[in-house]
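# Descriptive structure summary
Each chain, letter by letter, is given below.
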Amino acid sequence: MINRTEQNRTEHLSLRPATIEDAEMLFKWRNDIDTRMASHTTEEVKLDKHIGWLKATLENKNRQLFVTEENGVAVGTVRADYADSVYELSWTVSPEARGKGIGKRMVSLLANKINEPIRAEVKKGNDASSRIAEYSGMKFVREDSNNVLHYQRDEINQKA
Ligand SMILES: CC(C)(COP(=O)(O)OP(=O)(O)OC[C@H]1O[C@@H](n2cnc3c(N)ncnc32)[C@H](O)[C@@H]1OP(=O)(O)O)[C@@H](O)C(=O)NCCC(=O)NCCS
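Now for a quick tour of the structure. (Residues numbered from 1 in each chain as written. Predicted model: local features only at pLDDT ≥ 70, side-chain atom pairs only at ≥ 80, totals over all residues. Heavy atoms only, no water.)

## Brief notes about the site of the ligand
Around the ligand, 20 residues are found, and the nearest of them are Val93, Gly99, Gly101, Lys104 and Arg131. At 2.6 Å, a backbone N or O of Gly99 approaches an oxygen atom of the ligand. Between the ligand and Gly103, the relevant distance is 2.8 Å, taken from an oxygen atom to a main-chain nitrogen or oxygen of the residue. Going through the elements one at a time, helix H2 (33-38), strand S5 (86-93), helix H4 (102-111) and helix H5 (127-135) are the ones with two or more residues in the shell around the ligand. Ranked by the residues each element gives to the shell around the ligand, the list is headed by H5, at five residues. A breakdown of the residues in the shell around the ligand according to their chemical character gives six nonpolar, seven polar and seven charged. (Near = heavy atom within 4 Å. Polar contact = N/O pair within 3.5 Å; in protein donor to acceptor, adjacent residues only side chain to side chain. Helix = DSSP H or I, 4+ residues; strand = E, 2+ residues; numbered from the N terminus. Nonpolar A, V, L, I, M, F, W, Y, C, P; charged D, E, K, R; others polar.)

## Thoughts on helix H3 (residues 47-59)
With 13 residues, H3 should cover 18 Å at 1.5 Å per step; its first-to-last C-alpha distance of 19 Å lies within 8% of that length. Of the residues making up H3, those classed as buried are His50, Leu54 and Thr57. Down the axis, H3 shows its buried residues gathered within 65° of arc, on one side only. Set apart from the buried face of H3 by more than 90 degrees, the exposed residues are Asp48, Lys49 and Glu59. Close packing links the buried residues of H3 with helix H1 (23-31) and strand S3 (63-70). (Expected span 1.5 Å × (residues − 1). Buried < 20%, exposed > 50% of the residue type's maximum accessible area, 1.4 Å probe, protein only. Arc of directions from axis to C-beta. Contact = heavy atoms within 4.5 Å.)

## What about the packing of aromatic side chains?
According to the stated counting rule, one finds two aromatic pairs in the structure shown. Their ring planes at 45° and their centres at 4.4 Å tell us that Tyr82 and Tyr87 sit as a pair that is tilted. Overall, Tyr82 belongs to the partly exposed group, its relative accessible area being 23%. Taking relative accessible area as the criterion, Tyr87 reaches 0% and is therefore assigned buried. Relative to Tyr151, the ring of Phe140 has its centre 5.8 Å away and its plane inclined at 70°; by these criteria the two rings are edge-to-face. Residue Phe140 is located in strand S7 (residues 139-143), and its partner Tyr151 is located in strand S8 (residues 148-153); the two are separated by eleven residues in the primary sequence. One Lys or Arg, Lys104, reaches over the ring of Tyr135 and ends 4.4 Å from the middle of that ring. (Phe/Tyr/Trp six-rings, centres within 6.5 Å; stacked < 30°, edge-to-face > 60°. Lys NZ or Arg CZ within 6 Å of the ring centre and 35° of its normal.)

## Looking at the side chain of Asp22
Relative to the helices and strands, Asp22 resides in the loop between strand S2 (13-17) and H1. Given a relative accessible area of 6%, Asp22 falls into the buried group. Here Thr19 takes part through its backbone nitrogen, which lies 2.8 Å from a polar atom of the side chain of Asp22. If we skip the residues at most four places from it in the chain, Asp22 touches Arg16, Leu54 and Val67.

## Digging into the nonpolar core
One finds Val78, Leu89, Trp91, Leu110 and Met138 to be the most contacted residues of the largest nonpolar core, which totals 26 residues. For this core, the elements supplying multiple residues, two or more each, are S2, strand S4 (73-83), S5, H4, strand S6 (118-123), H5 and S8. In terms of residues, this core owes the most to one element, H4, which gives six residues. Among the nonpolar cores identified, the runner-up in size contains seven residues, and Ala18, Ala23, Leu26 and Leu54 belong to it. (Core = buried A, V, L, I, M, F, W, Y, C linked by side-chain atoms within 4.5 Å.)

## Quick word on the pairing of S4
When a strand is regular, its side chains alternate between the sheet's two faces. Across eight bridges, the pairing between S3 and S4 is antiparallel. Each bridged residue has a counterpart across the sheet, and for Arg63 the counterpart in S4 is Asp81. Taking the residues between adjacent antiparallel strands as the criterion, S3 and S4 are bridged by two residues, where Asn71 takes a positive phi near 50°. In the sheet, S4 pairs with S5 via eight bridges, with the strands oriented antiparallel. When the sheet's bridge partners are listed, Arg79 is paired in S5 with Ser90. Between the end of S4 and the start of S5, which pair antiparallel, lie two residues, with Asp84 showing a positive phi angle near 50°. (Pairing = 2+ DSSP bridges.)

In structure tokens:
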């Protein structure tokens, strides 16, 4: 399991557990058009629904939501959902911070802390996220009938 309270650092990038104080920021990122297009659910999310989702997320022992900070500034979020002995990772980089390698660094930072297998689902055409999944040690497994690409790292990561 991942230690929820641990602050994981590489050079200037750190992961901290999300809190209810992050609701407004995460809400903005969630409704960004590129984030919506990359999500399974593409319609705009309402604020009350988002707050309900965040509260439930923070109480869910099988879900861990992190905010990534670069030099103390929030630049992205990465989530790990645990089911059937596999962590499914999903991620968003803040619109202002994209294209600078943060996605690769933040997802691999979390992936390297996880001993169990990890997986991710990436919509076909989201090439940046495919690169991120591969950089984080996952390999392409299959494309499903909804044009979703499935990535997985089966082996136990000994570096964590
Ligand atoms: C997709 C997303 C996470 C990428 O984050 P990012 O910080 O901009 O990505 P990085 O800078 O780490 O780039 C990752 C790789 O993709 C490449 N890349 C970046 N943007 C790209 C694009 N539009 N098309 C193709 N490749 C792209 C980068 O060059 C890099 O590859 P390289 O190291 O081999 O050169 C970010 O754009 C985002 O949050 N989008 C909306 C939400 C989303 O798509 N979430 C993922 C759902 S699976």
